[in-house]
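Examining the three-dimensional arrangement
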Amino acid sequence: NVTPLQLAGAYRAFGNEGIYNEPYAVTKVEFPDGEVVDLTPKSETVMSDYTAYMVTDMLKSVVTSGTGTGANVSGLDVAGKTGTTNLQEEPGSPDAWLAGYTTNFTIAAWTGGYVKEEDDSLKRAALPDTKISQRLFKHAMTKISEGLDTPNFTKPESVVEAKVEKGSNPAAKPSEYT
């Protein structure tokens, strides 16, 4: 039970080095007498920068080689996550999501399937195409990013890369024989 706006706000923290900014549309109100009311929400650190980076690093593969390749935008460093729901009575997905982000923008796209019943009520139905949310994301992200400098995600100093011996559990550094 999450709205696309709430989902976009949550994913933004991953692309913003662990800092959450509540989504907003109005930044300030200026009155004729000159009084200004600032409505910009306060930023809040909700996770470590290394957590945000590692999740982002994993979610980049969703749009490059995973279930969200339809959302990949050429020339942009994009991370994202797909999602669907299932119907209990019949096969298919009545909901399809793509929540994704760059260093500049976050978009959560949702599509849902309904059919009209004889009494004009709506019933959930399987989507004929669960990739529409990915195409919506791609089109919107491409358009709003036109002409803007969009830096790639950068690894913070708190992240250290190390080789691990394949198959080791718990993870072990490679030995001289590996």
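Everything in this summary refers to the structure shown in the same document. Here the structure is a predicted model, which means the values were calculated and not measured.

From N to C terminus, the protein includes 3 helices and 9 strands. Relative to the 2.2 N^0.38 estimate, which gives 16 Å for 178 residues, the radius of gyration of the protein is 21 Å and therefore markedly larger than a compact globule would have. Reported as C-alpha extents along the three principal axes, the dimensions of the protein are approximately 70 × 60 × 30 Å. The burial tally for the protein puts 30% of its 178 residues in the buried class. Charged side chains of the protein number 16 positive and 24 negative; the gap between the two group centres comes to 7 Å.

The next thing to look at is the pairing of strand β7 (residues 106-112). Looking along a regular strand, one sees side chains alternate from face to face of the sheet. Within β7, 5 of the 7 residues are buried, which leaves the element mostly enclosed by the surrounding structure. Pairing analysis gives 7 bridges linking strand β6 (residues 95-101) to β7, with the strands arranged antiparallel. Among the inter-strand pairings, alanine 96 is bridged to a residue of β7, identified as threonine 111. Hairpin connection, β6 to β7: the antiparallel pair is bridged by 4 residues.

Together, Glu117, Glu118, Asp119 and Asp120 line one region of the surface with negative charge. Tracing the sequence through the fold places glutamate 117 in the loop between β8 (114-116) and β9 (122-124).

So, on to the environment of glycine 70. You can see glycine 70 is positioned in the loop between α2 (49-65) and β5 (79-84). C-alpha separation for the pair glycine 70 and arginine 135, spaced 65 residues apart in sequence, amounts to 6.0 Å. In this structure glycine 70 touches Gln134, Arg135 and Lys138, once residues within four positions along its chain are discounted.

Viewed as axis vectors pointing N to C, helix α1 (residues 4-15) and α2 meet at an angle of 105°, and their least axial separation amounts to 7 Å. By the angle class used here, α1 and α2 are roughly perpendicular. In this structure, α1 contributes Tyr11, Ala13, Phe14 and Gly15 to the contact, and α2 contributes Ala52, Val55, Thr56 and Leu59. Within the contact of α1 with α2, the residues separate by chemical class into 6 nonpolar, 2 polar and no charged.

Here is what the cut-offs are and how they apply
Residues numbered from 1 in each chain as written. Predicted model: local features only at pLDDT ≥ 70, side-chain atom pairs only at ≥ 80, totals over all residues. Heavy atoms only, no water. Helix = DSSP H or I, 4+ residues; strand = E, 2+ residues; numbered from the N terminus. Rg over C-alpha atoms; globule rule 2.2 N^0.38 Å. Buried < 20%, exposed > 50% of the residue type's maximum accessible area, 1.4 Å probe, protein only. Lys, Arg positive; Asp, Glu negative; His and termini not counted. Charge placed at Lys NZ, Arg CZ, Asp CG, Glu CD. Pairing = 2+ DSSP bridges. Patch = residues over 30% accessible without salt bridge, like charges linked within 9 Å, V, L, I, M, F, W, Y side chains within 5 Å. Areas by Shrake-Rupley, 256 points an atom, 1.4 Å probe, with all protein chains shown as cover. Salt bridge = Lys/Arg side-chain N within 4 Å of Asp/Glu carboxyl O. Contact = heavy atoms within 4.5 Å. Axes fitted to C-alpha atoms, helices over the stretch in contact; angles between N-to-C directions. Parallel < 35°, antiparallel > 145°, perpendicular 65-115°, else oblique. Nonpolar A, V, L, I, M, F, W, Y, C, P; charged D, E, K, R; others polar.

Note that all results are geometric; they support no functional claim without further evidence.
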